[in-house]
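Chain residues, written in single-letter form:
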Amino acid sequence: MTSVLYDAPGPRAKRRNLILSVVFVALLALLLWWIWQTMDDKGQLRWALWKPFTESEAWTTYLLPGLADTLKAAALAMIIALPLGAAFGIARMSDHRWVRIPAGAVVEFFRAIPVLLLMLFANEFYARSTDVSTDDRPLYAVVTGLVLYNASVLAEIVRAGILALPKGQTEAAKAIGLRKGQTMTSVLLPQAVTAMLPAIVSQLVVIVKDTALGGVLLNFTELLNSRGTLAANYANVIPSFIVVAVIYIILNFILTSFASWLEGRLRRSKRSTGAVLGKEDVEELNAAEVGGSYGAGADRI
C-alpha cells in the first residue's frame with residue numbers, strides 16, 4: 001500500500017528487509033546463547049537457586065508483600081498526580097498572569113529536581129516536622145516524591161495535548177457562546193485525552209518503576225527491597241533479580257495493554273455512527289424546519 005508518508009517496498013527492499021530480519025534474529029539468538037552459557041559456567045542455573053520460587057514461602061513472605069507495597073505506592077501516586085497535573089497544566093494556560101506564572105514556576109521547579117532527591121527531602125520533612133511514624137514514613141516520602149515530580153511532568157503533557165488541538169475547536173466553542181471554562185471541560189479536554197493517553201501511560205509506568213528508588217535509600221519494603229531480603233536468605237542474587245525483572249515486565253505490560261484497549265475504545269466511541277442523508281431526507285428536514293419556524297411565528301402573532 002502506497003501513501004504520502006509510506007511507499008510500499010519493492011522486490012529488492014523486501015529481500016533486504018528479510019535479510020536484515022534474519023541477521024537480527026541470528027544475533028539475538030547468539031546473545032541469548034552467550035548469556036545462557038555464562039550463567040551456566042557461573043553456576044547460576046543450578047536448580048537449588050531457582051527452587052525457592054516454586055515454593056509458596058518465597059512468594060508469601062517476600063515477593064507478594066513487596067509487590068503489594070509497590071502497587072500501593074504507585075496507585076496512591078497516580079490517583080494524586082493525575083488530577084494535580086491536569087490542574088497545573090490547565091493553570092499554565094490561564095489568561096490571568098497571577099495564575100499562569102506561579103503554576104509555571106511550580107511545574108518547572110519540581111520537574112527539574114530528580115525524583116530521588118524529592119523523596120529524600122520529603123523523608124526529612126516528615127521526620128522533623130510531622131508526627132508520621134517511622135514505619136509509615138518511607139511510604140509517605142515515596143508517594144510525595146512521586147507526586148511532586150510526576151504531577152509536574154503530567155502538567156506539561158496535558159498542556160501540550162491541549163495546545164496540539166486545532167484552533168478551530170476553540171473558535172467554534174466561542175462562536176456558540178461557551179465560556180473558556182466550558183470550552184476547556186466540554187470541548188478541549190475530552191478530545192485531548194485520547195491524544196495524551198500514550199504519554200500519560202508512559203509516565204504511569206515510570207511511577208511504578210520509580211517506587212524502587214524508595215527501597216534503595218529509604219528502606220521502603222517494595223518489590224526490589226523485598227528481593228534483597230529473599231536473596232540474602234536463599235543466596236540466589238541473580239535468579240532473584242531475574243524473577244523480579246519479569247514481574248516488573250508483566251506488570252507494566254498489563255498497564256500498557258489496558259491503556260491501549262482504553263485508547264481504542266475512546267477512539268471508537270468518538271466515531272460518527274450517523275447515517276448519510278439523501279437529497280430527499282434533507283429536503284424533508286428543511287421543509288419541516290421552515291414549517292416549524294412559520295408555525296412558531298404564527299403562534300407568536
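Everything discussed here concerns the structure shown above.
Residues numbered from 1 in each chain as written. Predicted model: local features only at pLDDT ≥ 70, side-chain atom pairs only at ≥ 80, totals over all residues. Heavy atoms only, no water.

### What to know about the nonpolar core
Piece 1. Ranked by size, the top nonpolar core spans 36 residues in total, and within it V142, L146, I162 and I207 carry the most contacts.
Piece 2. Of all the secondary-structure elements, those providing two or more residues to this core are α3 (56-91), α5 (115-129), α6 (137-163) and α8 (180-217).
Piece 3. For this core, the element with the most residues is α6, which contributes twelve residues.
Piece 4. Discounting residues that sit within four places of it in the chain, I207 has contacts with A74, A77, M78, L146 and N150.
Piece 5. In this structure, A58, L223, V243 and V244 belong to the second largest nonpolar core, which totals eleven residues. (Core = buried A, V, L, I, M, F, W, Y, C linked by side-chain atoms within 4.5 Å. Buried < 20%, exposed > 50% of the residue type's maximum accessible area, 1.4 Å probe, protein only. Helix = DSSP H or I, 4+ residues; strand = E, 2+ residues; numbered from the N terminus. Contact = heavy atoms within 4.5 Å.)

### Things to note about α5
Piece 1. In this model α5 runs 21 Å from its N-terminal to its C-terminal C-alpha over 15 residues, within 8% of the 21 Å that 1.5 Å per residue would give.
Piece 2. Within α5, burial applies to V115, L118, M119, A122, N123 and Y126. Buried residues in α5, looked at end-on, bunch into an arc of 140 degrees, giving them a common side. What points out from α5, more than 90 degrees from its buried face, is the exposed set F121, R128 and S129.
Piece 3. Where α5 is buried, its residues meet α4 (97-112), α6 and α8. (Expected span 1.5 Å × (residues − 1). Arc of directions from axis to C-beta.)

### Some thoughts on the packing of aromatic side chains
Aromatic ring pairs are defined here through the distance separating the ring centres and the angle between the ring planes.
Piece 1. What the rule picks out here adds up to six aromatic pairs.
Piece 2. Here the aromatic rings of F109 and F110 are separated by 5.1 Å at their centres, their planes lie at 80 degrees, and the arrangement is edge-to-face.
Piece 3. For the pair Y126 and Y140, a centre-to-centre distance of 5.7 Å together with 80 degrees between the ring planes defines the contact as edge-to-face. A residue pair is termed long-range when its members are at least 10 positions apart, and Y126 in helix α5 and Y140 in helix α6 qualify at 14 residues.
Piece 4. By relative accessible area, Y126 is classed as buried at 15%. (Phe/Tyr/Trp six-rings, centres within 6.5 Å; stacked < 30°, edge-to-face > 60°.)

### Quick word on the pattern of salt bridges
Side chains that carry opposite charge are capable of pairing whenever their charged atoms lie near each other.
Piece 1. The final tally for this structure, using the stated rule, is five salt bridges.
Piece 2. Notably, a salt bridge pairs R111 with E108, separated by 3.0 Å at the nearest N-O pair. Of this pair, R111 and E108 both sit in helix α4, three residues apart, roughly one helical turn.
Piece 3. R128 is the salt-bridge partner of E124, the closest N and O atoms lying 3.0 Å from each other. Highlighted residues: E124 and R128, both in helix α5, separated by four residues, approximately one helical turn.
Piece 4. Taking relative accessible area as the criterion, R128 reaches 70% and is therefore assigned exposed.
Piece 5. Three or more residues joined by partner-sharing salt bridges are found here, namely R92, E108, R111, E156 and R159. (Salt bridge = Lys/Arg side-chain N within 4 Å of Asp/Glu carboxyl O.)

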